[in-house]
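Overview (structure and organization)
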Amino acid sequence: MTASQFKIAIIGAGPAGMSAAARAAELDISHVLLESASHAANTISHFQKGKHVMAEPSILPLRSTMSFAAGQREDILQTWQHELAKHRVNLRAGAAVAAISGQRGDFLITLATGETLSAEEVVLAIGLQGNIRKLNVPGDDMPGVQYQLDDPEEFKKETIVVVGAGDAGVENALALAEHNRVILINRDEEFAQCKSANFNQLMSEVTRGRIETRISTRTEHIGAGRVDELPLVYVAQTPLGLECIPCHRVIARLGAKPPRQLVESFGVHFPNDDSTAVPQLSEQYESDVPGLYVVGALAGYPLIKQAMNQGYEVVEYIQGNAVEPADEVLLKEKISIISGVDSVVAGIARIRSVLPLFASLTTLQLREFMLDSEVRVLDKGEVIFSRGDYCTSFYSVLEGEVAIQAEGKSGERAAYQIPAGNFFGEMGLLSGRRRSGTAIAGENCVLIETSRRSMLRLLHSVPSVRRSLDEVAIKRRVQNSLGSTMPESDLEYLVQNAKLKQYAVGDVLFSEGDQADGLYLIRRGSVTASRMLEGREVVLGYVPAGQYVGEMAIVTNSTRTATVRAASPTEALLLDAGRVSAVIQRNASVRARLGSRYLERMGTYELLLGEKFSDQVKFLLAHGVGEATDILLIDYAKCIRCDNCEKACADAHGGISRLDREAGPTFEQIHVPNACRHCEHPHCMKDCPPDAIHRSVNGEVFIGDNCIGCGNCQRNCPYDVIQMVARGERKQRSIWQIVMGTNREATVKETSATKIAVKCDLCQGIGSVPLCVNSCPTGAARRASPEVFFSRISNHGADESAGRDE
Amino acid sequence: MKAFQPYGLLGYKQFRYLKLFALLVSLAIMSYLVLPVESGHYGGTWLGYVLGILSALIVLLLLWYGVTKRRTPRVRTRRMSRKKDRQSTSIKPIATLQGWLSSHVYLGASLIVLATLHSGFHFGLNVHTLSYVLMLIVIASGFYGTYVYLHVPQLITRNAGEESPDDLRLKIIELDERARLHALGLPDEINEIVYQARTSTHMGGSLWQQLRGYQRDCPTQSAVSRLLKLGPKYIMNEQPKLMRELYSVLLRKEKLVLRARQEIMLRARMQVWLYLHAPMAVALLAALTAHVVAILFFW
């Protein structure tokens, strides 16, 4: 065996890779740990200084040769360094992998340097960060050229060139501008790549002369400065010609190549193109390339502890040891609730046999699914959720049955029975809206309740689950919209060629004057209907998920009378026009239902043909109101700019206001401040490693105590309403302090250095009306759903109930 | 945007506090007219005491608004599980601040009648009449405050357009810089004008300047008019394009400066009365205490 031949090659020295390598070292297996960066644990070492690293999920035991517990970044890194040395892990830093070929027993790994290694088995633990893009010009690796910025405070009184005008580059430039001369290089003509908040801040710094920028500029090379000058010379091609900037430092923030491409080039397949998709893996973390294993964040396990456990387990599996996964204890506890099941294996088998929806899942996927789910045994008559609740869990009936009582818009009631083997709750999951019915447990009812996140992950990664779920969901949606009295045969007839269509914001579902192609049932998002009036598009109405559009043309057998566009990312179900007409002919109740809806809509349209309503709706939709469930709007004709809303919010939330009253757009006395919209499909929930962001029954999206402070939600929020702050405490001011006008800020005390994400929680647990609304002296601030605001501004149902409206 | 919320400060909850006001005032007037008194109306009669005590309580309640406004409900430790927890979110606040303010306005107004009747129209140079006068000052400033609260906000919005005050300031700085650069290529006379416009244009300043909302001989405005006059002199020989651009920059700046001043003026007008209202209210409390003590011990 030569030096470059190993039993196991582990790629990526993050928590998963280190844990695997340490286990291999402990078992005395020949191994190599390849890391593209210059040291192990690269991602964590780039966390901000002194950051408190969390060990979520706290219930999961750690099983690894390496140790890990929540603590300061520095301590953890030091422990790992020490342990890597102690176990004599064969770490090769600075070794980026370019290609992998071969099969089990004979893999050939080619490094970026051209060197090759061979290994019998390969463990991919490369995480999601990807390989950082370099400048790719002469001198791009000189000392003083860096691709990351850990602590902006480190540099003072330097001349720094920042390359890259994405969020990372702009944020670095802003942070450095405080104490340095900063030149920001943008290769485009405009700063269109960064968030609007960053853009505005950048522009104000540029106007103040604190940051210089170069646009349409490309880096030519970086060289050493002359002896009596600054250490580096940055040379770039600007529209005005070649420019040389002597500087101390070049920081390039050019993003990273997503790891998926690299992984696919190794022959691993992903089930679909979704950005969140993870490769399909066996129970032993083996991919569809035999001998190639995938663990850690890339396999869908983003937390440090999970990754370390998998690193350990994968080495055991490669050795042929059937170790119990670390989560066995947890699963056992959950599954033992099912009567007649005594082992996890039996439980998983039972679930697979009873629930056809999950039959196609691998055991690993089912285990993961069950880990995020809860088995619940219910008493007869127990209410699982009520109509109007916000809860996005998904339920599968394992035993017994569940009754769903739905109520239509006009008050007609319907009841469905969900027998064992079926599921429910998919409508709330898909639409992100309130429950349309009440679910009540029947006799001997056992349910599996699955969180929104794991259900969505399943839908994204397993197409067969998505297909079977859609089949049932489509049928239920049709039944829900057109009435449950329709005979089964007609229902089948309608559903048979129903098409599921996706629309981005602004996409047209159908246009005024078109031939009617069918009835559109909106199952996610929302749409607006508009008509052309004197050459201008005038908005007539707003239709949220759960309702339908397009019935006018079918009922009257004419062309489309309005144009319908998606107001937020929308999914609609298209029922063929011919089939709908045929069913209408046969069923009086469906006919009556569509007819009355048609007349109702006609009435509102005629009433709304005013431009003012249209302009206001357009404005509100342009600022994210369409996807909101509860948005703060301020009537600027009443707002006395006292900022009492912000003060009250800060008082109630540790001294930090979660809303910015003055920021945000204004149109015709309607002001949309920077405050959480509690979106139907919250962007902040998209990528939360500890799954700390939830929606409560009442609808508020809140961040739980297990936030690890990673900042993903802050970056994902398009409305900039999430802040990263140190945990703090605030004392209530005494009357004496109020009279004396004591400084509010002085009463805030930071209790720890850990930064966590905070956002509006609609004053959950404080009062039924959010304090921003409650403490508005003139009643200018209001929180409500977009429907309420739209009906308000159209003068429908203008009532004056206390502050918060459903 | 009327329908956004149909009633404002005064119409809160279908004019709930207007009704209370009407009730209080009419009861007081009726009692005053109907109830028999032996030696004429004054504070010492049975009715006088009732009205006096009622008025004093109202004054205290009105003062308490100042405290309520600055205090938010105490927050209990929040541990919210993912499970249903409906009870914890159903605590209704006793009143919204809007309700407080609406009642503040109407109760304050009712004092004019209640306190006047309480005095039985006996005025003199003493601490009692001092309290009465102070009260009237507070109420009058409050009326002005109500007026500006109802009318000024929409003027501010309309004036500001889509820009926040910070945006305005930034844009003005930017235009100043551009004007400076343009003027560099032009004669000294013009540079001097631009320099004046850049360094001596004031927005805001002392309270009086804020309230006036204009600057006498504003350098920016005079720069625009002087440039227009100087135009024919330079436009031929000097760089005509630069002159034109400079003129347009200054014109734009003038517009923004006027808007910024307007904004400052409106905001100042909306807030200035509080500097009279609040101290006078405290003075009233002191005078009222003296009035009550005087009656209890020396009458």
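Keep in mind that this is a model prediction, so the values were computed, not measured. (Residues numbered from 1 in each chain as written. Chains lettered and ligands numbered in written order. Predicted model: local features only at pLDDT ≥ 70, side-chain atom pairs only at ≥ 80, totals over all residues. Heavy atoms only, no water.)

Focus: the overall build of chain B
Here is the rule: Strands here mean DSSP runs of E at least two residues long; helices mean DSSP runs of H or I at least four residues long; both are numbered from the N terminus. The contact rule is simple, with two residues in contact once any of their heavy atoms fall within 4.5 Å. Here the accessible surface of atoms and residues is derived via Shrake-Rupley with a 1.4 Å probe, and residues count as covered only by protein chains that are part of the display.
From N to C terminus, chain B includes 10 helices and 0 strands. When the helices and strands of chain B are read in sequence order from the N terminus, they spell out α-α-α-α-α-α-α-α-α-α. If you take every contact in chain B between residues at least 6 apart in sequence, the share linking residues at least 24 apart comes to 82%. With an accessible surface of roughly 17,100 Å², chain B has 64% of that area assigned to carbon and sulfur atoms.

A few points about the environment of Val625(A)
All names here are of chain A. When you line up the elements, valine 625 lands in the loop between helix H18 (611–622) and strand S36 (631–635). Considering only alpha carbons, one finds valine 625 and isoleucine 160, 465 residues apart in sequence, at a separation of 40 Å. Not counting the four nearest positions on each side in its chain, valine 625 is found in contact with Leu620, Ile631, Pro786 and Phe790.

Description of the pairing of strand S2 (residues 31–34) of chain A
It is a general feature of regular strands that their side chains alternate between the two faces of the sheet. Residues and elements named next belong to chain A. We apply this condition: Only protein chains enter the accessibility calculation, which uses a 1.4 Å probe; a residue is then buried when its area is under 20% of its type maximum, exposed when over 50%, and partly exposed in between. Paired strands, as defined in this entry, are two strands with at least two bridges between them according to DSSP. Classification remark: right-handed applies to a crossover when, strands pointing away from the viewer, the course from the first strand over the helix to the second runs clockwise.
Every second residue of S2 is oriented toward a common face, with His31 and Leu33 on one face and Val32 and Leu34 on the other, all of them buried. With 4 bridges joining them, strand S1 (residues 5–11) and S2 adopt parallel strand pairing. Bridge pairing in S2 links alanine 9 to valine 32. Read from S1 through helix H1 (residues 15–26) to S2, the crossover connection turns out right-handed. Of the pairings in the sheet, the one linking S2 to strand S5 (residues 91–92) comprises 2 bridges and is parallel in character.

Quick notes on the side chain of His118(B)
Residues and elements named next belong to chain B. Definition in use: Counting of polar contacts relies on pairs of N or O atoms within 3.5 Å, with two restrictions inside protein: one atom must be capable of donating a hydrogen and the other of accepting it, and residues adjacent in sequence are counted only when both atoms are side-chain atoms.
Position of histidine 118 among the secondary structure elements: in helix H3 (residues 97–119). On the basis of relative accessibility, which here comes to 16%, the residue histidine 118 falls in the buried class. A polar atom in the side chain of histidine 118 sits 2.8 Å from the backbone oxygen of glycine 48. Ignoring any residue separated from it by four or fewer positions in sequence, one finds histidine 118 in contact with Tyr42, Gly43, Gly48, Leu51, Gly52 and His291.

Points about the pattern of salt bridges
Note the following rule: Criterion for a salt bridge: a side-chain nitrogen of Lys or Arg within 4 Å of a carboxyl oxygen of Asp or Glu.
Enumeration over the complete set of coordinates arrives at 42 salt bridges over all chains. We note a salt bridge from Glu571(A) to Arg523(A), for which the minimum N-O separation is 2.7 Å. With Glu571(A) in strand S35 (residues 570–576) and Arg523(A) in strand S30 (residues 518–524), this residue pair connects regions lying 48 residues apart in the sequence. Under the relative-accessibility criterion, Glu571(A) is labelled buried at 6%. Its relative accessible area of 3% is what places Arg523(A) among the buried residues. The shortest N-O distance in the salt bridge between Lys241(B) and Glu245(B) comes to 3.6 Å. With a gap of 4 residues between them, Lys241(B) and Glu245(B) both fall in helix H9 (residues 240–272), about one helical turn apart. Residue Lys241(B) is classed as exposed on the basis of its relative accessible area of 54%. Relative accessible area serves as the criterion here: at 30%, Glu245(B) is assigned to the partly exposed category. Here the salt bridges share partners, and the residues they tie into one network are Lys7(A), Arg104(A), Glu120(A), Glu121(A) and Glu286(A).

Some points on helix H5 (residues 165–184) of chain B
Residues and elements named next belong to chain B. What counts here: Expected helix span is computed as 1.5 Å times (number of residues minus one). Each direction from the helix axis to a C-beta atom contributes to the arc, which is the arc of those directions.
Relative to the 28 Å expected for 20 residues at 1.5 Å per residue, H5 spans 29 Å between its end C-alpha atoms, a close match to the ideal helical length. Of the positions making up H5, those classed as buried are Pro165, Leu168, Ile172, Leu175, Asp176, Ala179, His182 and Ala183. Projected onto a plane normal to the axis of H5, the buried residues spread over an arc of 130° and lie on a single side.

Quick notes on the sheet that holds strand S16 (residues 241–247) of chain A
Residue and element names in this part refer to chain A. Selection rule: Structural elements are reduced to axes, namely lines fitted to C-alpha atoms, with helices fitted over the stretch in contact, and the angle between N-to-C directions of any two is expressed from 0 to 180 degrees.
If you trace the 3 strands from one edge of the open sheet to the other, you get S14-S15-S16, paired in antiparallel fashion. Strands at the two margins of the open sheet, each flanked by one partner only, are strand S14 (218–224) and S16. When strand polarity is set aside, the average angle formed by the axes of neighbouring strands in this sheet is 20°. With 6 bridges connecting them, S14 and strand S15 (residues 232–238) associate as antiparallel partners. Directly across from threonine 219, in S15, lies its bridge partner alanine 236.

Focus: the nonpolar core
All names here are of chain A. Selection rule: By nonpolar core is meant a set of buried Ala, Val, Leu, Ile, Met, Phe, Trp, Tyr and Cys residues that side-chain atoms within 4.5 Å join together.
In terms of nonpolar packing, the biggest core is built from 64 residues, with Met18, Leu34, Trp80, Ile100 and Ile109 touching the most fellow members. In contact with isoleucine 100, other than residues within four places in its own chain, are Ile11, Phe107, Leu108, Ile109, Val122, Leu124 and Phe266. Core analysis: the next-biggest nonpolar cluster, separate from the first, contains 32 residues, Val341, Phe369, Ile448 and Ala473 among them.

A closer look at a positive patch on the surface
All names here are of chain A. Spelled out, the test is: Excluding any residue in a salt bridge, patches collect residues exceeding 30% relative accessible area, merging like charges within 9 Å and nonpolar Val, Leu, Ile, Met, Phe, Trp and Tyr side chains within 5 Å. By the counting rule applied here, Lys and Arg register as positive and Asp and Glu as negative, while His and the ends of each chain are not counted. The atom standing in for a charge is NZ when the residue is Lys, CZ when it is Arg, CG when it is Asp and CD when it is Glu.
Together, Arg133, Arg187, Arg218 and Lys257 give the surface a local cluster of positive charge. By secondary structure assignment, the location of arginine 218 is in strand S14. Accessibility expressed as a relative area gives 53% for arginine 218, which makes it exposed.

A short note on the confidence of the model for chain B
Residues and elements named next belong to chain B. As a reminder of what qualifies: As a per-residue quantity, pLDDT reports the predictor's confidence and falls between 0 and 100.
Looking at chain B as a whole, the pLDDT averages 84, with 88% of positions reaching at least 70. Across residues 75–92 the pLDDT falls below 50, and counting only partners more than four positions away or on other chains, this stretch makes 39 contacts in the model. Here the complex is predicted with pTM 0.76, and the ipTM for its interfaces comes to 0.87.

Topic: the sheet that holds strand S27 (residues 445–450) of chain A
All names here are of chain A. Pairing in this open sheet of 4 strands is antiparallel, and the strands run S20-S27-S22-S25 from one edge to the other. Two strands lie at the open edges of the sheet, namely strand S20 (373–378) and strand S25 (423–424), each paired on one side alone. Of the pairings in the sheet, the one linking strand S22 (residues 394–399) to S27 comprises 5 bridges and is antiparallel in character. Counted as the bridge partner of tyrosine 395 is glutamate 449 from S27. Most of the contacts of helix H10 (residues 363–371) go to S20, to which it runs at about 65°, and overall it touches S20 and S27.

Overview of the environment of Tyr520(A)
Residues and elements named next belong to chain A. Counting through the fold element by element, tyrosine 520 comes out in strand S30. Expressed as a C-alpha distance, the spacing of tyrosine 520 and phenylalanine 510, which sit 10 residues apart in the sequence, is 9.6 Å. The contacts of tyrosine 520, once residues within four sequence positions are left out, are Tyr503, Leu509, Phe510, Gln547, Tyr548, Val549, Arg560, Ala572, Leu573 and Leu574. Within the structure, tyrosine 520 has its side chain in polar contact with the backbone oxygen of leucine 509 (distance 3.3 Å).

Here's the deal with the state of the cysteines
Residues and elements named next belong to chain A. Defined as follows: Disulfides are defined as cysteine sulfur pairs within 2.5 Å.
Inspection of the entire model under this criterion finds 0 disulfides over all chains. The structure places no disulfide on cysteine 645, whose sulfur is separated from the nearest cysteine sulfur, that of cysteine 642, by 6.5 Å. Given the relative accessible area of 11%, cysteine 645 is considered buried.

Quick look at the packing of aromatic side chains
Residue and element names in this part refer to chain A. Cut-off, in case you're wondering: Two rings belonging to Phe, Tyr or Trp (six-membered ring only in the last case) form a pair when the distance between their centres is within 6.5 Å. Interplanar angles under 30 degrees mark stacking, angles over 60 mark edge-to-face geometry, and anything in between is tilted.
Enumeration according to the criterion identifies 15 aromatic pairs over all chains in this entry. An angle of 50° between the planes, with centres 5.8 Å apart, marks the rings of tyrosine 285 and tyrosine 317 as tilted. Taken together, the residues tyrosine 285 in the loop between helix H6 (259–265) and strand S19 (292–294) and tyrosine 317 in helix H7 (residues 304–318) connect sequence positions 32 residues apart. An identical accessibility class is assigned to tyrosine 285 and tyrosine 317; each is buried.

Things to note about the packing of helix H6 (residues 188–199) of chain B against H9(B)
Two packed helices can be described by the angle between their axes and the distance between those axes. Residues and elements named next belong to chain B. Threshold: What sets the label is the angle itself: under 35 degrees gives roughly parallel, over 145 gives roughly antiparallel, 65 to 115 gives roughly perpendicular, and the rest give oblique. Crossing handedness follows the turn of the near helix against the far one: under a right angle anticlockwise gives a left-handed crossing, and clockwise gives a right-handed one. Under the scheme applied, nonpolar residues are Ala, Val, Leu, Ile, Met, Phe, Trp, Tyr, Cys and Pro; charged residues are Asp, Glu, Lys and Arg; polar residues are all the others, including Gly.
Where H6 meets H9, the axes come as close as 12 Å, and the angle between the chain directions of the two elements is 20°. As far as their axial angle goes, H9 and H6 are roughly parallel. Crossing of H6 against H9: the hand is left-handed. Taking contact as the criterion, the partners of Ile190, Val194, Ala197 and Arg198 in H6 are, on H9, Met243, Leu246, Leu250 and Lys253. By residue class, the composition of the contact of H6 with H9 is 6 nonpolar, no polar and 2 charged.

What about the packing of helix H8 (residues 328–335) of chain A against helix H9 (residues 344–354) of chain A?
All names here are of chain A. Where H8 contacts H9, the two axes come as close as 9 Å, and the packing angle between them is 55°. Overall, the two elements H8 and H9 adopt an arrangement that is oblique. Relative to H9, H8 is oriented so that their crossing is left-handed. On H9, the residues that touch Glu328, Leu331, Lys332 and Ile335 of H8 are Val344, Gly347 and Ile348. Of the residues that constitute the contact of H8 with H9, the class distribution is 4 nonpolar, 1 polar and 2 charged.

Points about helix H10 (residues 274–298) of chain B
For an α-helix, 3.6 residues make a turn, and residues three or four places apart therefore share a direction. With 25 residues, H10(B) extends 35 Å between its outermost C-alpha atoms, agreeing within 8% with the 36 Å of an ideal straight helix rising 1.5 Å per residue. Three or more residues of H10(B) are buried, namely His277(B), Ala281(B), Leu284(B), Ala287(B), Leu288(B), His291(B) and Ala294(B).

Here's the deal with a nonpolar patch on the surface
Together, Leu20(B), Leu23(B), Leu27(B), Ile29(B), Met30(B), Leu33(B) and Val34(B) make up a nonpolar patch on the protein surface, roughly 700 Å² of accessible area in all. Overall, the relative accessible area of 34% leaves Leu20(B) in the partly exposed class.

Overview of the pairing of S27(A)
Residues and elements named next belong to chain A. Counting buried positions along S27 gives 6 out of 6 residues, so the element sits mostly inside the fold. Alternating positions in S27 separate into two faces, Cys445, Leu447 and Glu449 on one and Val446, Ile448 and Thr450 on the other, with burial throughout. Relative to S27, S20 is paired through 6 bridges, and the arrangement is antiparallel. Residue arginine 376 lies in a different strand from S27, and its bridge partner there is leucine 447.

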